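# Reading the structure
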Amino acid sequence: MWKLAALLSIVVVACDALPKRQSDFASAALTAHNTYRAKNCAPALTLSTTLTAYAQKRVNNLTALDAGLSHAGLQSGYGENLYASWASKPTAPTG
């Protein structure tokens, strides 16, 4: 589950701070996100090295704690959306 949180943090990383392959992913994710923002008259977002560094630090701390999704320890001035979902293996109805 925490690998997903780490993956999601990559979306906010700065292109110049990443190897080429991750940089391409970050650029593509941002472009796709801004395409939908434009359709709703919302201004485009840009990548932030400050936010990138904080997001990576946050993911590292959450994964080290292995205490589940938690807003505990979130630095003032920052927000986050945490989400998790899973399902058991479906079974055929009985009865």
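Note that this is a predicted model, so its numbers are computed, not measured.

### Describing the overall build of the protein
A count of helical and extended segments in the protein gives three helices and zero strands. Ordered by position from N to C terminus, the α and β elements of the protein give α-α-α. For the protein, the residues scored as buried account for 18% of the 95 residues in total. Looking at the protein as shown, the accessible area adds up to about 7400 Å², and 59% of this sits on carbon and sulfur atoms.

### So, the packing of aromatic side chains
As enumerated under the stated definition, the model contains one aromatic pair in all. Seen in terms of ring centroids, Tyr54 and Tyr78 are 4.1 Å apart; in terms of plane orientation they differ by 15°. Their pairing is stacked. Of this pair, Tyr54 sits in helix H3 (residues 49–65) while Tyr78 is found in the segment after H3, placing the two residues 24 residues apart along the sequence. Classification of Tyr54 by relative accessible area gives buried; the value is 13%.

### Let's talk about unusual backbone geometry
Peptide bonds are, in most cases, trans, and in most cases residues other than glycine have a negative phi. The backbone phi angle of Cys41 is positive, close to 60°, even though this residue is not glycine. Its location among the elements puts Cys41 in the loop between helix H2 (20–39) and H3.

### Looking at the side chain of Glu80
Within the fold, Glu80 resides in the segment after H3. Of the polar contacts made by the side chain of Glu80, one reaches the side chain of Arg58; its length is 2.7 Å. Among the polar contacts listed, one links the side chain of Glu80 to the side chain of His71, at a separation of 3.0 Å. Each residue touching Glu80, except ones within four places of it in the same chain, is listed here: Arg58, Ser70, His71 and Leu74.

### Considering the environment of Ser48
In this fold, Ser48 is placed in the loop between H2 and H3. Looking at Ser48, its side chain comes within polar contact range of the main-chain nitrogen of Leu51, at 3.0 Å.

### Let's talk about H3
Taking 1.5 Å as the rise per residue, H3 with 17 residues should run 24 Å; its terminal C-alpha atoms sit 24 Å apart, in good agreement. Three or more residues of H3 are buried, namely Thr52, Tyr54, Ala55, Arg58, Val59 and Leu62. Looking straight down H3, one finds its buried side chains confined to an arc of 170°; they lie on one side. Opposite the buried face of H3, at more than 90 degrees from it, the exposed residues are Thr50, Lys57 and Ala64. Capping the start of H3, Ser48 holds a side-chain oxygen 3.3 Å from the backbone nitrogen of Thr50, two or three residues further along. Looking one or two places after H3, you find Asp66, whose phi comes out positive at around 50°.

What counts, and where the lines are drawn
- In every chain, residue numbers begin from 1 and rise along the written sequence.
- A pLDDT threshold of at least 70 governs which residues receive local features in this predicted model, and a stricter bar of 80 or more applies before side-chain atom pairs are shown or counted, although totals over entire chains, interfaces and linings include all residues.
- Side-chain measures were taken over the full set of non-hydrogen atoms in the model, leaving aside hydrogen atoms and water.
- Note on conventions: DSSP H or I runs of at least 4 residues are helices, E runs of at least 2 residues are strands, and numbering of each starts at the N terminus.
- The buried label applies to any residue whose accessible area, calculated with a 1.4 Å probe on protein chains only, is under 20% of its type's maximum; exposed applies above 50%, and partly exposed to all values in between.
- Computed with a 1.4 Å probe, the accessible areas rest on the Shrake-Rupley method; for each residue, only the protein chains presented here act as cover.
- Ring geometry is summarised as follows: Phe, Tyr and Trp rings, the Trp one being its six-membered ring, pair when their centres sit within 6.5 Å, and such pairs are stacked at plane angles under 30 degrees, edge-to-face over 60 and tilted between the two.
- Identification of polar contacts relies on pairs of N or O atoms within 3.5 Å, with a donor-acceptor requirement for protein atoms, meaning one able to donate a hydrogen and the other able to accept it, and with residues adjacent in sequence counted only if both atoms are side-chain atoms.
- Note on contacts: a residue pair qualifies if any of its non-hydrogen atoms lie within 4.5 Å across the two residues.
- By this rule the span expected of a helix is its residue count minus one, scaled by 1.5 Å.
- Throughout, the arc means that of the directions going from the helix axis to the C-beta atoms.

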